[in-house]
Amino acid sequence: MTRPITVTVNGETRRLAVDPLTRLAHALRFELGLTGTKVGCDAGDCGACTVLLDGRQVCACLVAVGQVDGRSVTTVEGLAADGALSPLQQAFLDHGAAQCGICTPGMLMAASDLLARTPSPSRAQVKDALAGVLCRCTGYQKIVEAVLSLAEDPPHAPAPAAGAAVGARLPKVDGAAKIAGRAPFGADRAPADALWLRAVRSPHARADFTLGEVAPLFDRHPGLVRVLTAADVPGHNGFGIYPHIKDQPVLAEGRVRYRGEAVLALVGTREAVYGIADEEIPIAWAAKDPVAGLAAALAAHAPAVQAEHPDNVLARGLVRKDDVAAGFEEAHAVAEGTWRTAFVEHAYIEPEAGYARRIGDELELWVSTQSPYMDREETAQVLGLAPEKVRTIPSACGGGFGGKLDVSVQPLVALAAWLLDRPVRCEYTRPESMQASTKRHPARIRARAACTGDGRLSALEFHGDFDTGAYASWGPTVADRVPVHCSGPYVVPRVRATSAAVLTNAPPSGAFRGFGVPQAALAHEGLMDMLAERIGMDPLEFRAVNALRAGSVTATGQTLEASAGLPRCLDELRPYWRDSRARAEAHNAAARTLRRGVGIGCMWYGCGNTSMSNPSTMEVAIDRGGRITLYNGAVDIGQGANTVMVQICADALGVPVSRLCHVMGDTALTADAGKSSASRQTFVSGKAAELAGRDLRHQILRLTNASEDASIELDGARVRVRDGTACHDIDLGHLPAAACGEVLRGRGQFDPPTTKLDENGQGKPYATYGFAAQMAEVEVDPELGLVRVLRLVAAHDVGRAVNPTQVEGQIHGGIAQGLGLALMEEYVPGGTENLHDYLIPTFGDMPEITCLIIEDPEPVGPYGAKGIGEPALIATAPAIFGAIHHATGVRLFEAPATPQRLRAALLAHAQGKA
Ligand code: FES
Ligand code: FES
């Protein structure tokens, strides 16, 4: 049923002929092409779809088009006048308030509503007015700062001069497009004739099934074009991160191993594929009791989740150094515990989306991804094609955090487009995204540590079981990475650390900002606090005594040559720590109901893959017109890789950053820079970008025999090289050119120097490590079991802050995710499959954050830089747990510390059971 509807959109009269029950968000996107309005949940939970209706903010996914007849709607596209950013948008750009940018249109519209009524709002008013919009990247602080700044003169930093880009607070090079709502995300672009695909997923965690006759579906739903099953896959019906473990079916073959596993795919018109209820599909299920959790999976006679792994252990890890028993024997104090963590959902605000189209004997894939080259290979092997036959074009990525390293829509749309020779698109719904995608591994960790009377660590024993779900994904990576990191950023002379990735009937656990290290950090930091308490030492000073530093030897026998800045982090943190601890103790001494506490967490994190090659290649070219283009394969998932690569390359080349154009991630145009994970892009791809810039610079200088010290100036199609008093002009138009007009191309490749670990886990697993110390100040309501984090101070050694604004943004966002891990986030299959029941931190949950950036240069890194993406998160939960103990005397061993858990622990403590 359609009826004509007239609505003023961004000042223009628009007529719609749609069902009046159509959601406004869908009408804006599909009928009017205004894709700046995003859909993150379609349920009123995320606020990504926020627009103004007659000047007031509404969730466009909750408004029916029939309700807007005769009214006025403003979307993000209506904010910019004549193509220029509005002052609010400019403030977002200048303050780094947009990272991935998927929430940004909603934030801007909510802020516009506020500012129209309250031009000079308070901080509390900003947080309140924007509270309905979720952001998973920024930790909200820079968004608040951007809105507040409008009452002041906006800080327009001058563009950095040639050679001065590294270290500058350069606005994101792709920021304006995101803030204007122009950047196309996975769901924002598809050929006009694209069919839609919807995967039908298992409602059971463990079941066998048979598929009946699907022909009646076509009769009942004329828009249905094809039903795809496992039998339609022309290549290998399996995918997975490891070349030798492609264990997850694209479409299940008679058996499912987790709730949410794809069973078949419906392809047709949008109305048809979403109009078919799952109950209509003739699937006969034979459900079985699932293997739920680590204990069930490791129990004697447990059913095997995968027949190839009868004991349900997918992978194991080990680091062994010296005689641990001797270390415990000579110890003055010993601490031990068992820690547990839950499944954690990535909750990126952009659900998985993309399209595929067949072009002759090749396939083009447009998708929101962290790993275009891996997508290319996965998709090619599913289709039985050579990888070169698949081209991946990454869309803007609305958050990844590790969750978009694994393929999602890619093999499905590729299969459909290949077989039908029609473009096919797919957008996961929010519940589908949460059911189907990977999670952070739940962990069960048993650990004990010992120290001498003067506070020196003497031994650590650790075993961690990690629930890796039904399929491998990154389980082996977690099993490898955890034993290397589980002794924390400390000198521990004797270590025995083991791990296991355990298969269960749960969603695959994959990569999530830290690969198991955040879970392990809860254990090692808990042990540090307990040992410090046992020997009567201040927790910060205990860590300072044991901190790794340049010259220290790690548990894997690696000598840290340089850039081990934990001691400096602790030095910077110390004044805040002493002051805050004293204030909290004074507060508690006044016997108030609400208790205050201050805790500390430290971390280290190896940048890049563990003990294996992970090269990156970058290229930069200049054409006959003097246009310089950086061909950057390092996907920007919001962390700012685009901007960082341009800054580094421009300085290496010796030209202003504004002269560089930029192509990102397209596998047909850029070289393989590896995946955006493991905190490797700034360090690894940044180095490759530096080398590419230097290579092009050498080639230019060689044309004039100029020395290394010469400067390069660009003037249209001429390059002027000044070398002392000499000055040479190069007319680019006279140089031999490729068909595309390119005359010179520089190339840089970097593979961090690591070694394989031996049978005892000894070796050099990473070329460099990020270090941090964070302090959390909390307020606990013992009656309710509620924890409010009041303040976070985060000292991070990043080697060199290529872009301090972005470094701070990573720290803020990491802290938000660490806070969620500590206090609220727990994914329960069948229970918390939406953003209403699954809680992530909002504006109201976030504390004031102080960033202390330490620059202890990494000699191998680009201009001394190393990674910050994952280090930002790891220390937060331990610091919060330490603060809860300081406030209440209760030591927690299970995350998240929900009110029920904390209340139970407080009661047990009061009764002397804990
Ligand atoms: S898409 Fe409307 S609130 Fe999430
Ligand atoms: S910038 Fe807010 S969700 Fe990514």
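Please read these numbers as outputs of a predicted model, since none were measured by experiment.

J.: Break down the overall build of the protein for me, with residues and values.
T.: A count of helices and strands for the protein gives 23 helices and 33 strands. For a compact globule of 914 residues, the expected C-alpha radius of gyration is about 29 Å, and the protein comes in at 27 Å, within 12% of that figure. Considered along the principal axes of its C-alpha atoms, the protein spans approximately 85 × 75 × 60 Å. Evaluated residue by residue, the protein yields a buried proportion of 64% over its 914 residues. Counting only contacts in the protein whose residues sit at least 6 apart along the sequence, the fraction spanning at least 24 positions is 77%. With 87 positive and 102 negative side-chain charges, the protein shows a separation of 2 Å between the mean positions of the two kinds.

J.: Tell me about the pairing of strand β25 (residues 628-632), and name the residues and values.
T.: Buried residues dominate β25, accounting for 5 of its 5 residues. Side chains I628, L630 and N632 of β25 all project onto a buried face; the interleaved residues T629 and Y631 project onto the opposite face, where all are buried too. Bridge count for strand β24 (residues 616-623) against β25 is 4 bridges, and the pairing is antiparallel. Pairing of E619 across the sheet is with Y631, part of β25. Counted along the chain from β24 to the antiparallel partner β25, the turn is 4 residues long, and its residue G626 has a positive phi close to 85 degrees. Here β25 runs beside strand β26 (residues 660-664); their pairing, made up of 5 bridges, is parallel. Bridging from a neighbouring strand, N632 pairs with M664 of β26. Viewed along the sheet, the connection from β25 through helix α18 (residues 641-653) into β26 turns out right-handed.

J.: Could you give an account of the nonpolar core, with specific residues and numbers?
T.: Core analysis: the biggest nonpolar cluster contains 175 residues, and F92, M107, L130 and F462 have the highest contact counts within it. Per-element accounting of this core gives the leading share, 10 residues, to helix α15 (residues 517-534). If near-sequence neighbours (up to four positions away) are discounted, F462 is found in contact with I445, R446, A447, V482, C486, R496, A497, T498, A520 and A523. Counting residues in hydrophobic clusters, the runner-up holds 45 residues, among them M618, A688, V719 and L744.

J.: Got a sec to walk through the sheet that holds strand β27 (residues 711-715)? Specific residues and values, please.
T.: Taken in spatial order, the 3 strands of this open sheet run β27-β28-β29, and their pairing is antiparallel. Each having just a single partner strand, β27 and β29 (726-731) make up the two edges of the open sheet. Neighbour-to-neighbour, the strand axes of this sheet turn through a mean angle of 20 degrees, independent of strand direction. Relative to strand β28 (residues 718-723), β27 runs antiparallel, the two being bridged by 5 bridges. Each residue of the ladder has a partner; that of S711, found in β28, is R722.

J.: Any chance you could break down unusual backbone geometry for me, citing the residues and the numbers?
T.: The residue after A895, namely P896, is reached through a cis peptide bond having omega 0 degrees. Its place among the elements puts P896 in the loop between α22 (876-888) and α23 (899-910). Backbone geometry at N312 places phi at a positive 65 degrees, although glycine is not the residue there. Along the chain, N312 falls in the loop between α9 (294-298) and β12 (313-321). According to the relative accessible area criterion, N312 is buried, its value standing at 0%. The backbone of Y863 sits at a positive phi, close to 55 degrees, despite the residue not being glycine. Within the secondary structure, Y863 sits in the loop between β33 (848-854) and α21 (871-874).

J.: Quick rundown of the state of the cysteines? Include the residues and the values.
T.: Overall, the coordinates contain 0 disulfides when judged by the stated rule. Residue C569 stays outside any disulfide, its sulfur separated by 8.0 Å from that of C602, the closest cysteine. Residue classification places C569 among the buried residues on the basis of a relative accessible area of 0%. No disulfide involves C851; its sulfur sits 12 Å from that of C569, the nearest cysteine.

J.: Which residues make up the environment of G317, and what values go with them?
T.: Mapped onto the secondary structure, G317 falls in strand β12. Taking the relative accessible area as the measure of exposure, G317 reaches 10% and is therefore buried. Taking C-alpha positions, G317 is 6.4 Å from P483, a pair spaced 166 residues apart along the chain. If near-sequence neighbours (up to four positions away) are discounted, G317 is found in contact with A479, P483, A497, T498 and S499.

J.: Help me get a handle on the environment of F185, residues and values and all.
T.: Residue placement: F185 occurs in the loop between α6 (175-179) and β6 (195-201). Take F185: its relative accessible area is 2%, and that puts it in the buried class. Sequence spacing of F185 and P431 is 246 residues, and the spatial spacing of their C-alpha atoms is 19 Å.

J.: Can you break down helix α12 (residues 410-420) residue by residue, with the values?
T.: Most of α12 is tucked away: 9 of the 11 residues are buried. If you check which residues of α12 are buried, you get Q410, P411, L412, V413, A414, L415, A416, A417 and W418. Just past α12, the residue D421 takes up positive phi, approximately 55 degrees.

J.: Pulling in residues and values, what's your account of the side chain of S685?
T.: Here S685 shows up in helix α19 (residues 681-704). If near-sequence neighbours (up to four positions away) are discounted, S685 is found in contact with S616, M618, A634, M645, A673 and R680.

J.: So what's going on with the pattern of salt bridges? Which residues, and what values?
T.: A side chain with one charge may pair with a side chain of the opposite charge, provided their charged atoms come close. As enumerated under the stated definition, the model contains 52 salt bridges in all. Here R29 and D188 are joined by a salt bridge, their closest N and O atoms 2.7 Å apart. Linking R29 in helix α1 (residues 24-31) with D188 in the loop between α6 and β6, this pair joins segments that are 159 residues apart in sequence. Each member of the pair R29 and D188 is classed as buried. Ionic pairing is found between R745 and E619, a salt bridge with its closest N-O pair at 2.5 Å. Taken together, the positions of R745 in strand β30 (residues 742-750) and E619 in strand β24 put the pair 126 residues apart, joining distant regions of the chain. Among the residues examined, R745 registers a relative accessible area of 29% and is labelled partly exposed.

J.: Lay out the packing of aromatic side chains in plain terms, naming residues and giving numbers.
T.: Per the counting criterion, the structure on display carries 13 aromatic pairs. Ring centres 6.3 Å apart and planes at 70 degrees place the aromatic pair W196 and Y274 in the edge-to-face group. Taken as a pair, W196 in strand β6 and Y274 in helix α8 (residues 270-275) lie far apart in primary sequence, 78 residues in all. Taking the relative accessible area as the measure of exposure, Y274 reaches 34% and is therefore partly exposed. Relative to Y769, the ring of W604 lies with its centre 4.7 Å away and its plane at 20 degrees, an arrangement referred to as stacked. On the criterion of sequence distance, the pair formed by W604 in strand β23 (residues 595-606) and Y769 in strand β31 (residues 769-781) is long-range, its members being 165 residues apart. The two residues W604 and Y769 agree in class, both being buried. A network of ring pairs unites the aromatic residues W604, Y766, Y769 and F771 as a single cluster. Across from the ring centre of Y348, 4.3 Å away, lies the NZ or CZ of K404, which sits over that ring. Over the face of the ring belonging to F328 we find R448, whose NZ or CZ atom lies 3.7 Å from the ring centre.

J.: Tell me about the packing of α18 against α19, and please be specific about residues and values.
T.: It is at 7 Å that the axes of α18 and α19 come closest, and there the two elements cross at 30 degrees. Of the possible angle classes, the one that applies to α18 and α19 is roughly parallel. In this structure, α18 meets α19 at a crossing whose hand is right-handed. Every residue of α19 that contacts α18 at V644, M645, I648, C649, A652 and L653 is listed here: Q681, T682, S685, G686, A689, E690, G693, R694, L696, R697 and I700.

Rules used throughout
Residues numbered from 1 in each chain as written. Chains lettered and ligands numbered in written order. Predicted model: local features only at pLDDT ≥ 70, side-chain atom pairs only at ≥ 80, totals over all residues. Heavy atoms only, no water. Helix = DSSP H or I, 4+ residues; strand = E, 2+ residues; numbered from the N terminus. Rg over C-alpha atoms; globule rule 2.2 N^0.38 Å. Buried < 20%, exposed > 50% of the residue type's maximum accessible area, 1.4 Å probe, protein only. Contact = heavy atoms within 4.5 Å. Lys, Arg positive; Asp, Glu negative; His and termini not counted. Charge placed at Lys NZ, Arg CZ, Asp CG, Glu CD. Pairing = 2+ DSSP bridges. Right-handed = clockwise from strand over helix to strand, strands pointing away. Core = buried A, V, L, I, M, F, W, Y, C linked by side-chain atoms within 4.5 Å. Axes fitted to C-alpha atoms, helices over the stretch in contact; angles between N-to-C directions. Disulfide = S-S within 2.5 Å. Salt bridge = Lys/Arg side-chain N within 4 Å of Asp/Glu carboxyl O. Phe/Tyr/Trp six-rings, centres within 6.5 Å; stacked < 30°, edge-to-face > 60°. Lys NZ or Arg CZ within 6 Å of the ring centre and 35° of its normal. Parallel < 35°, antiparallel > 145°, perpendicular 65-115°, else oblique. Left-handed = near helix turned anticlockwise from the far one by under 90°.

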